[in-house]
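A closer look at the structure
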Amino acid sequence: MVPLTPSISCICRPCTSLGPEASARAFVQAPPLSLVLCSDRLSPPEIPEVLVHELTHVFDLSRNLDFGVCEDLAFSEVRAARDAECAFRASAPHPLLAACAALPPGGAGEPGGLPPPLAGAAGALCKHLLGRCVRGKAGRATDILFPGEGGGCVARVFERAMGDVEPREI
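Per an unreviewed UniProt entry, the chain goes by the name Mitochondrial inner membrane protease ATP23 and belongs to Tetraparma gracilis.

**Digging into the overall build of the chain**
Scanning the chain for helices and strands turns up 5 helices and 3 strands. Helices (α) and strands (β) of the chain occur, in sequence order from the N terminus, as β-β-β-α-α-α-α-α. When contacts within the chain are restricted to residue pairs at least 6 apart in sequence, those whose partners lie at least 24 apart make up 56%. When the accessible surface of the chain is split by element, carbon and sulfur atoms take 63% of a total near 9,300 Å².

**A word on the packing of helix α2 (residues 70–83) against helix α5 (residues 150–163)**
α5 packs onto α2 with a crossing angle of 50° between their chain directions and a minimal axis gap of 8 Å. Regarding the angle of α2 to α5, the classification is oblique. Relative to α5, the crossing made by α2 is right-handed. On α5, the residues touching Cys 70, Glu 71, Ala 74, Phe 75, Val 78, Arg 79 and Arg 82 of α2 are Cys 153, Val 154, Arg 156, Val 157, Phe 158, Arg 160, Ala 161, Met 162 and Gly 163. For the contact of α2 with α5, the residue count by class is 10 nonpolar, 1 polar and 5 charged.

**Topic: the environment of Ala 80**
Relative to the helices and strands, Ala 80 is located in helix α2. Residue class for Ala 80 comes out buried when judged on its relative accessible area of 0%. If near-sequence neighbours (up to four positions away) are discounted, Ala 80 is found in contact with His 53, Thr 56, His 57 and Glu 85.

**A short note on the nonpolar core**
Among the nonpolar cores identified, the biggest contains 21 residues, and Val 78, Cys 86, Val 134, Val 154, Phe 158 and Met 162 are the most heavily contacted of them. Elements with a contribution of two residues or more to this core: α2, α4 (116–145) and α5. Ignoring sequence-local partners within four residues, the contact set of Val 154 consists of Ala 74, Val 78, Arg 135, Ala 138, Gly 139 and Thr 142. If you look at the next biggest cluster of nonpolar residues, it comprises 5 residues, including Cys 15, Ala 24, Val 36 and Cys 38.

Parameters and conventions
Residues numbered from 1 in each chain as written. Predicted model: local features only at pLDDT ≥ 70, side-chain atom pairs only at ≥ 80, totals over all residues. Heavy atoms only, no water. Helix = DSSP H or I, 4+ residues; strand = E, 2+ residues; numbered from the N terminus. Contact = heavy atoms within 4.5 Å. Areas by Shrake-Rupley, 256 points an atom, 1.4 Å probe, with all protein chains shown as cover. Axes fitted to C-alpha atoms, helices over the stretch in contact; angles between N-to-C directions. Parallel < 35°, antiparallel > 145°, perpendicular 65-115°, else oblique. Left-handed = near helix turned anticlockwise from the far one by under 90°. Nonpolar A, V, L, I, M, F, W, Y, C, P; charged D, E, K, R; others polar. Buried < 20%, exposed > 50% of the residue type's maximum accessible area, 1.4 Å probe, protein only. Core = buried A, V, L, I, M, F, W, Y, C linked by side-chain atoms within 4.5 Å.

Right, here's the structure in full:
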């Protein structure tokens, strides 16, 4: 367990091409608890997404997840990818995920919502695209520390991790 402290350092520096940071844009390190932003791999528009991703890991570490256990890391990677890289927003990595962000907020039959047949189809497509994005991102991230195991670990925790929305419920 990594206890949350009143402060977390944030370090911006060029990252190496060795070990777990080899393909990272950012990562969490401890002790002391710090976020490292890879200044040679990030552009300013990416920083909010990267902070959401890494702070999700910080929160999960405070909940006793052990990133030395494949399923625990996969659980956190699923949550981080869902809320960062794969979140429905206009700048999403896939044009259809961006389109999901543009759907009217009302549900089927509600004012401003899509007609029921369209709402059902659009919702199913968006859920499928989100799942595909999250599985891919989380699987690749987990593979970095657990080569060849990431996809299987993600599959074992996927539904539970996708349903876990803490700390947004606080």
